[in-house]
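# Topology and contacts: notes
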Amino acid sequence: NDDKIEALERLSATIIAVENRLATESRTTAALDSSPVSIVHRARKDSRLLHCNKAFLEMLGEPAMEPLVGTLPERVLYSSIADVELEFRESSEWMFEEAAGEWKDLMGDAPSLVIYRGPGGRPILARMRCVEVTTAYDEPFILIHVEDITDQRKAKLKLELLAEHDELTSLM
């Protein structure tokens, strides 16, 4: 009889542990999905997209996550100015100059600059921060925070130009 009681206690403890894990996963998913910061999970092994939140989808102009699941970074990132649609090339060259040499690998201590394919193919300069996550129950993944810095960098470049150039006299 003691063996049966002990077995029931172990089973009860296991059920409680599973319920707690599910509750934690539910809260974590709600936090991820409701965050105003673009967040992406990519598999550490091969960089395929596992999950992303609504903010990331909105930044890209994508209506749903499902078509992105399983895709590689190249699906949403520009690798060179030659990939950019003609209508955006001239106005986005500066982004590629800023990002040149920044993105070597998904992991790293320093933020990386990358260029995403935005709505209609419009390039988006973004700061990407990556953290490797290892869990006991799932494959290792990379948690990526993405911040659109296009407008911020445009304003900085304009201020730098204005600091060296007089619009009234056109003198440098």
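First, a word on scope: everything that follows refers to the structure included in this document. These numbers come from a predicted model, not from an experiment. Here the residue numbers are simple positions, counted from 1 along each chain's written sequence. Reporting in this predicted model follows two pLDDT cut-offs: at least 70 for local features of residues, and 80 or more for side-chain atom pairs to be given and counted; totals over whole chains, interfaces and linings ignore these cut-offs and use all residues. Side-chain measures were taken over the full set of non-hydrogen atoms in the model, leaving aside hydrogen atoms and water.

## Side note on the packing of helix α3 (residues 86–99) against helix α4 (residues 150–164)
Between N-to-C directions, angles span 0 to 180 degrees; the directions come from axes that are lines fitted to C-alpha atoms, helices contributing only their stretch in contact. By definition, any uninterrupted DSSP run of H or I lasting at least four residues is a helix, any uninterrupted run of E lasting at least two residues is a strand, and each is numbered from the N terminus. One way to put it is that α3 packs onto α4 with a least axis distance of 11 Å and a crossing angle of 95°. One element, α3, and the other, α4, form an angle in the roughly perpendicular class. Of α4, the residues touching α3 (which contributes W94, M95 and E98) are T150, R153, K154 and L157. What sets the label is the angle itself: under 35 degrees gives roughly parallel, over 145 gives roughly antiparallel, 65 to 115 gives roughly perpendicular, and the rest give oblique. By definition in these notes, contact holds between two residues if any of their heavy atoms fall within 4.5 Å.

## A look at the packing of aromatic side chains
Any pair of Phe, Tyr and Trp rings, taking the six-membered ring for Trp, is counted once the centres come within 6.5 Å. Such a pair is stacked with planes under 30 degrees apart, edge-to-face with planes over 60 apart, and tilted for the rest. Tallied over the entire structure, the rule returns 1 aromatic pair. Measuring from ring centre to ring centre gives 5.6 Å for F56 and Y116, while their planes differ by 85°; the resulting arrangement is edge-to-face. Of the two residues, F56 sits in helix α2 (residues 54–60) while Y116 sits in strand β3 (residues 112–117), which places them 60 residues apart along the sequence. Partly exposed describes any residue whose relative accessible area lies between the buried limit of under 20% and the exposed limit of over 50%, with all areas from a 1.4 Å probe on protein chains only and scaled to the type maximum. Using a relative accessible area of 1% as the deciding quantity, one classes F56 as buried.

## Some remarks on the sheet that holds strand β5 (residues 141–148)
Pairing is antiparallel across the open sheet formed by 5 strands, whose spatial order is β2-β1-β5-β4-β3. Both edges of this open sheet fall to β2 (49–52) and β3, since each of them pairs with a single strand only. The average angle at which neighbouring strand axes cross in this sheet is 35°, direction not considered. As defined by bridge partners, β3 adjoins strand β4 (residues 123–133) across 6 bridges and the pair is classed as antiparallel. Counterpart to S112 in the pairing with β4 is M128. The strands that α3 touches are β3 and β4; relative to β4, the one it contacts most, it runs at about 35°. Running at roughly 125° to β4, α4 makes contact with β3, β4 and β5 of the sheet. A pair of strands is treated as paired once DSSP finds two or more bridges between them.

## Considerations on the pairing of strand β1 (residues 38–43)
Of all 6 residues that make up β1, 6 are buried, and the element is covered over most of its length. Burial along β1 is two-sided: S38, V40 and R42 and I39, H41 and A43, pointing in opposite directions, are all buried. Relative to β5, β1 runs antiparallel, the two being bridged by 6 bridges. What sits directly across from V40, in β5, is I144. Relative to β2, β1 is paired through 3 bridges, and the arrangement is antiparallel. Among the inter-strand pairings, V40 is bridged to a residue of β2, identified as C52. Here β1 hands over to β2 after 5 residues, with S47 in that stretch at a positive phi of 70°.

## Comments concerning the environment of E74
Locating E74 in the fold gives a position in the loop between α2 and α3. When the C-alpha positions of E74 and D2 are compared, they lie 60 Å apart, and in sequence the two are 72 residues distant.

## Considering unusual backbone geometry
Although it is not a glycine, S47 sits at a positive phi angle of roughly 70°. By relative accessible area, which is 18% here, S47 ends up buried.

## Here's the deal with the nonpolar core
For the purposes of this section, nonpolar cores are sets of buried Ala, Val, Leu, Ile, Met, Phe, Trp, Tyr and Cys residues that join through side-chain atoms within 4.5 Å. In this structure, C52, F56, L68, Y116 and V146 are the most contacted members of the largest nonpolar core, which totals 20 residues. Residue assignment for this core shows that the elements contributing at least two residues are β2, α2, β3, β4 and β5. Contacts of F56, omitting those with residues within four sequence positions, involve S38, I39, V40, L49, L68, V76, Y116 and V146. Within the second largest apolar cluster, 11 residues are counted, among which are V84, W94, M95 and F96.

## Quick look at the pairing of β5
Inspection of the sheet shows β4 paired to β5 by 8 bridges, in the antiparallel sense. Looking at β5, one finds that E132 is bridged to I142.

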